[in-house]
Amino acid sequence: MTAITIQQHILQEQQRFPGASGEFSFLLSGITLATKMIQAKVRRAGLTDILGDADNENIQGEMQQKLDIYSNECLIQSLSSRPSVGILASEEDEQPLVMPHQSVTAKYAVVFDPLDGSSNIDVNVSVGTTFSIFRRPEGADFEDPTRWVLQPGRRQIAAGYVVYGSSTVMVYTCGNGVHGFTLDPAVGAFVLSHENIQMPEQGNYYSVNEAYMDDFPEHYGAFIASLRQGLNGHSYSSRYIGSMVADFHRTLLRGGVFMYPPTKTHQYGKLRLLYEANPIAMIAEQAGGLATDGTQRILDIQPKGIHQRTPLLVGSQFEINEFEKRLNQ
Ligand code: AHG
Ligand code: MN
Ligand code: MN
């Protein structure tokens, strides 16, 4: 049996880009290296002093966990040594980070949520990392780093996530389908395990924090009620982990819908557009699914701020279309 590693796969993908120089695969190898370091720490959580709060709040006013900070550092360190990367933006840093090399030839900006679902770490539940890559916009310089990243999601040239679950899986797209790789811990390589993933057209699960149900807009309530009754001959069960990456990973493989709706107190929900909704939306669409903020396609939203939030509904075509029917009633 020949195993295809993520490195090989990326090199093949890169050949589709005219004039590809190897830079892009070197960039992605920075992400795989960092996520291997993160997973090694996650796997030893409880054995080393890495669980718990770091006694510090991030820009969202959320308590940072020690693993949030460690994961952020892993990504920053390994991407800083890639000359093709000019700007990084992270959930954990208020402002975008300008790479010290300030190379005029730097072509890419990378945005990421280093550790998603971090409140779940201390109780041994799956967590993840999400990332999204943009090309440097024409004329953008290091004086105005936000310009590099405030681009609509349809301009992402690659996006992905890693889920640190019962195994460690990386899922990515470069705009040519969605591919999943499982980390083989014995050799330390991500190996192709899910080629050309297609989301089922309809699923059997819906995933939402139902504790906030009374605070959702009415049409969300109507939609959830119809799922509970069953649609198109499918009956539904609910699944909600509280780690978006893990909830989405199940939705990608099994179909159905994951949503984080607006609430009375949070009119844009909780999830962040740039480094949570956008990469998930690109992957969903590349796998034949859909992603909306309730009124428009996630990938068409023009971001105004790095940490901007957005409601998110993502999943199979059937469920998202059913939601949209109720919106227009
Ligand atoms: P993060 O740990 O990066 O701040 O993200 C946590 C997010 C997301 O993963 C999940 O879907 C959501 O928080 C769960 O929020 P609720 O507890 O409000 O349902
Ligand atoms: Mn997150
Ligand atoms: Mn996070």
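Parameters at a glance
- Residues numbered from 1 in each chain as written.
- Chains lettered and ligands numbered in written order.
- Predicted model: local features only at pLDDT ≥ 70, side-chain atom pairs only at ≥ 80, totals over all residues.
- Heavy atoms only, no water.
- Near = heavy atom within 4 Å.
- Polar contact = N/O pair within 3.5 Å; in protein donor to acceptor, adjacent residues only side chain to side chain.
- Areas by Shrake-Rupley, 256 points an atom, 1.4 Å probe, with all protein chains shown as cover.
- Helix = DSSP H or I, 4+ residues; strand = E, 2+ residues; numbered from the N terminus.
- Domains from an automatic or database assignment.
- Donors = N, O, S within 2.8 Å, 3.2 Å for Na, K, Ca; no water.
- Buried < 20%, exposed > 50% of the residue type's maximum accessible area, 1.4 Å probe, protein only.
- Pairing = 2+ DSSP bridges.
- Contact = heavy atoms within 4.5 Å.
- Axes fitted to C-alpha atoms, helices over the stretch in contact; angles between N-to-C directions.

1. Observations regarding the site of ligand 1
Here is step 1: The environment of ligand 1 is formed by 19 residues, the closest being Asp-116, Gly-117, Asn-209, Tyr-240 and Tyr-260.
Here is step 2: Between ligand 1 and the protein, one listed contact pairs an oxygen atom with a side-chain N or O atom of Asp-116 at 2.8 Å.
Here is step 3: Within the backbone of Ser-118, one N or O atom sits 2.9 Å away from an oxygen atom of ligand 1.
Here is step 4: Notes on ligand 1: free accessible area 480 Å², of which the protein chains cover 88%.
Here is step 5: At three residues, the largest contribution of residues to the shell around ligand 1 is made by strand β5 (residues 108-116).
Here is step 6: Each of domain 1 (6-194) and domain 2 (205-328) accounts for three or more of the residues forming the shell around ligand 1.

2. Examining the coordination of the manganese ion (ligand 3)
Here is step 1: Ligation of the manganese ion (ligand 3) by protein atoms is provided by Glu-91 (OE), Asp-113 (OD) and Leu-115 (O), these donors lying 2.0 to 2.2 Å from the ion.
Here is step 2: When the donor residues of the manganese ion (ligand 3) are listed from N- to C-terminus, their spacing reads E-x21-D-x1-L.
Here is step 3: Separating the manganese ion (ligand 3) from the manganese ion (ligand 2) is a gap of 3.7 Å, which Asp-113 spans by donating to each of them. Of this pair, Glu-91 sits in the loop between β3 (85-90) and β4 (97-98) while Asp-113 sits in strand β5, and the two are 22 residues apart along the sequence. In this pair, the class of Glu-91 matches that of Asp-113, namely buried.

3. Some points on the pairing of strand β7 (residues 158-164)
Here is step 1: Most of β7 is tucked away: seven of the seven residues are buried.
Here is step 2: Side chains Ala-158, Gly-160, Val-162 and Tyr-164 of β7 all project onto a buried face; the interleaved residues Ala-159, Tyr-161 and Val-163 project onto the opposite face, where all are buried too.
Here is step 3: Relative to β7, strand β6 (residues 127-135) runs antiparallel, the two being bridged by seven bridges. Opposite Gly-128, over in β7, you have Val-163 as the bridge partner.
Here is step 4: With six bridges joining them, β7 and strand β8 (residues 168-173) adopt antiparallel strand pairing. Counterpart to Val-162 in the pairing with β8 is Met-170.
Here is step 5: Between β7 and the antiparallel strand that follows it, β8, lie three residues.

4. Notes on the sheet that holds strand β11 (residues 205-207)
Here is step 1: With mixed pairing, the five strands of this open sheet are ordered in space as β12-β11-β13-β15-β14. The strands lining the two open edges of the sheet, one partner per strand, are β12 (237-238) and β14 (290-292).
Here is step 2: Sheet topology places strand β13 (residues 257-260) next to strand β15 (residues 312-315); four bridges connect them, and they run antiparallel. The residue of β15 that forms the bridge with Phe-258 is Val-314.
Here is step 3: Sitting on the sheet, helix α5 (residues 218-229) is in contact with β11, β13 and β15, with an inclination near 150 degrees to β13.

5. A few points about helix α6 (residues 244-254)
Here is step 1: Counting buried residues along α6, nine of its 11 residues qualify, which places the element largely inside the surrounding structure.
Here is step 2: Every buried residue belonging to α6 is among Met-244, Val-245, Ala-246, Asp-247, Phe-248, His-249, Arg-250, Thr-251 and Leu-252, and all of these are buried.
Here is step 3: The positive-phi residue at the C-terminal boundary of α6 is Gly-255, with phi of around 85 degrees.

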